[in-house]
Amino acid sequence: MNTQPTYEELAQKVKSLERQVSESQHIQETLKSNQAILYAAIENLPFDFFALDENGRYFLQNSVCVKHWGDVIGKVPEELDIDKDTQKLWIENNRRAFSGETVKGEVQYAANDQAGFYFNIISPIKDKGRIRGILGINLDITDLKKIEKQLWESRQRFLSLVETTSDWIWEVDRSGTYIFSNQKVKDILGYDRHAVIGKKPFDFMPPNEARKVAKRFNEFSKSRRAFSGLENINLHKDGREIVLETNGVPVFDENGKYLGYRGIDRDITERKLAENALEQINTELENRVAARTAELIEANTQLKEEISERKQFEKSLRKREKELKNKTLQLQELNSALKVLLAKRDEDRIVLEEKMISNARELVFPYLAKLNNGKLPDKEKAFINIIESNLKDILSPFARSLSSKYLGLTPTEIQVANLIKQGKTTKDIAELSNLSPRTIEFHRDNIRNKLGIKNKKVNLRTYLMSLD
């Protein structure tokens, strides 16, 4: 038999139901509020946000997604009017997400007929191990990709500039260790840039130079100051010394934190050698100038002394000149008298020559003719002819021409020349001179040589006769 609830029990149950209804209403209001907040948050996302149910149909998208792809609620990707490549990619990504995979990566879509880059994330919605749908977002990274491209192009330009410059470009960290180097270091020091990374500048210097330069670099580093024109000696890989000129500036991050130094090194070895050579030349030139100045001072002193002496000499010279003028007048008078005497001597010589020629013709040649016509042996007649010929030569221009132009002939050669001129053969001359024909030939050869006609096609007798 059922007992009827009492009024009090019914009242308690009513109150309990009222509390449950109130709590349910509160929960529903909270859910509505949270749902509104969630939808507002999704709506205000600056990128595509969408969701598909377990049947693969869109049941949620925000306004950004609508702007890019149109209203897709209730549709599947195959029904969308979008680029075929984009549609194919979405279908594949959705398939992977419905299989439990979270798909993410950069993709290129054509939204509103305009290509762009997006970072796509599609994740499965799981409920107690069951996939109820998928959520997805598309972050538009087109501007970021453009910036990345600009940065890449800028870096390529920087690297091209760095690698084509004639200077060694480097960067060191706070400890002074190389963290970057261009390949120019190989041309300057012989090391590949990878061999430089991790080392310090002082590792490539002689010990004393390393200590000196490290001290100066530490001063710059502590004060975070830029520096320029820091000359330092480095050792090439082959051991020879290379002089570098270093310029550097401190590097800071966006918060002002000191990171190290960045700079360039220039090879000035040849310039230093030229400067040293020029300095040596200047020193030598200064020494020469000093020595020359001393010489000029001494020469000037001597010149002053010479000028003084010359003045004295000129004074005595003027006196001597006056004396010479007097003597010149005397000599002119003597010269006039001497000219008179010379003229008289020439007249006497002419008279004497005429007398000699006249006497020879009157007193000598007639008797020689009588002897030659007499009954004498042929040899004696030949001697008479020779005597007559020689007398004629003495009285003719031939002897004077021969003796003045060809004084190099010996007496025997002159005698042989006279006989050749008279038409005598070598044999005739040998008999008349009591010499061998070979000796006469020797004299003939010497005569031709001294007269300058040796080895020439010139007849000796004809040449001698041309001297008349």
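Residues numbered from 1 in each chain as written. Predicted model: local features only at pLDDT ≥ 70, side-chain atom pairs only at ≥ 80, totals over all residues. Heavy atoms only, no water.

Can you help me understand the sheet that holds strand 9 (residues 241–252) in this one?
Picture the strands of a sheet paired through backbone hydrogen bonds; they go either parallel or antiparallel. Strands sit in the order 7-6-10-9-8 across an open sheet of 5 strands; the sheet is antiparallel. Each end of this open sheet is capped by a strand with a single partner; those strands are strand 7 (178–181) and strand 8 (227–235). Each adjacent strand pair in this sheet contributes to an overall mean axis angle of 30°, direction not counted. Relative to strand 9, strand 8 runs antiparallel, the two sharing 7 bridges. In the sheet register, N232 faces strand 9, and the bridge partner there is L244. (Pairing = 2+ DSSP bridges. Helix = DSSP H or I, 4+ residues; strand = E, 2+ residues; numbered from the N terminus. Axes fitted to C-alpha atoms, helices over the stretch in contact; angles between N-to-C directions.)

Looking at this structure, I do not really get the packing of helix 12 (residues 426–433) against helix 13 (residues 437–451). What am I missing?
For any two helices packed against each other, one specifies the crossing angle of their axes together with the interaxial distance. One can describe the packing of helix 12 onto helix 13 by two numbers: an axis separation of 8 Å at closest approach and a directional angle of 110°. One finds that helix 12 runs roughly perpendicular with respect to helix 13. In this structure, helix 12 crosses over helix 13, and the sense of that crossing is right-handed. Contact with helix 12, carried on its side by T426, I429 and A430, involves P437, I440, E441 and R444 of helix 13 and no other residues of that element. Among the residues forming the contact of helix 12 with helix 13, the class breakdown is 4 nonpolar, 1 polar and 2 charged. (Parallel < 35°, antiparallel > 145°, perpendicular 65-115°, else oblique. Left-handed = near helix turned anticlockwise from the far one by under 90°. Contact = heavy atoms within 4.5 Å. Nonpolar A, V, L, I, M, F, W, Y, C, P; charged D, E, K, R; others polar.)

I would appreciate a short explanation of helix 13 in the present structure.
Three- or four-residue spacings in an α-helix give side chains the same orientation, since the helix completes a turn every 3.6 residues. For helix 13, which comprises 15 residues, the first-to-last C-alpha distance of 21 Å matches the rise-based estimate of 21 Å (1.5 Å per residue) to within 8%. Within helix 13, the full set of buried residues consists of I440, H443, N446, I447, R448 and L451. Note on helix 13: the residue one or two positions beyond its end, G452, has a positive phi of about 80°. (Expected span 1.5 Å × (residues − 1). Buried < 20%, exposed > 50% of the residue type's maximum accessible area, 1.4 Å probe, protein only.)

Looking at this model, I keep getting lost on a nonpolar patch on the surface. Mind explaining?
Side chains of L338, L341 and L342 sit close together on the surface and give an oily, nonpolar patch of about 280 Å² of accessible area. Tracing the backbone through its elements, the reader meets L342 in helix 8 (residues 269–373). Given the relative accessible area of 38%, L342 is considered partly exposed. (Patch = residues over 30% accessible without salt bridge, like charges linked within 9 Å, V, L, I, M, F, W, Y side chains within 5 Å. Areas by Shrake-Rupley, 256 points an atom, 1.4 Å probe, with all protein chains shown as cover. Salt bridge = Lys/Arg side-chain N within 4 Å of Asp/Glu carboxyl O.)

When you look at helix 11 (residues 411–421) in this model, what are you seeing that I'm missing?
Here helix 11 has its buried residues at E413, V416, A417, N418, L419, I420 and K421. With its phi angle positive at about 95°, G423 sits one or two positions after the end of helix 11.

Where do I start with unusual backbone geometry in this structure?
Non-glycine residue K128 carries a positive phi angle of around 50°. For K128, the location among the structural elements is in the loop between strand 4 (114–127) and strand 5 (130–140). One non-glycine residue with positive phi stands out, namely N455, at about 65°. In this fold, N455 is placed in the loop between helix 13 and helix 14 (460–465). Classification of N455 as exposed rests on a relative accessible area of 77%.

Such coordinate-based values are descriptive only and should not be taken to indicate function.
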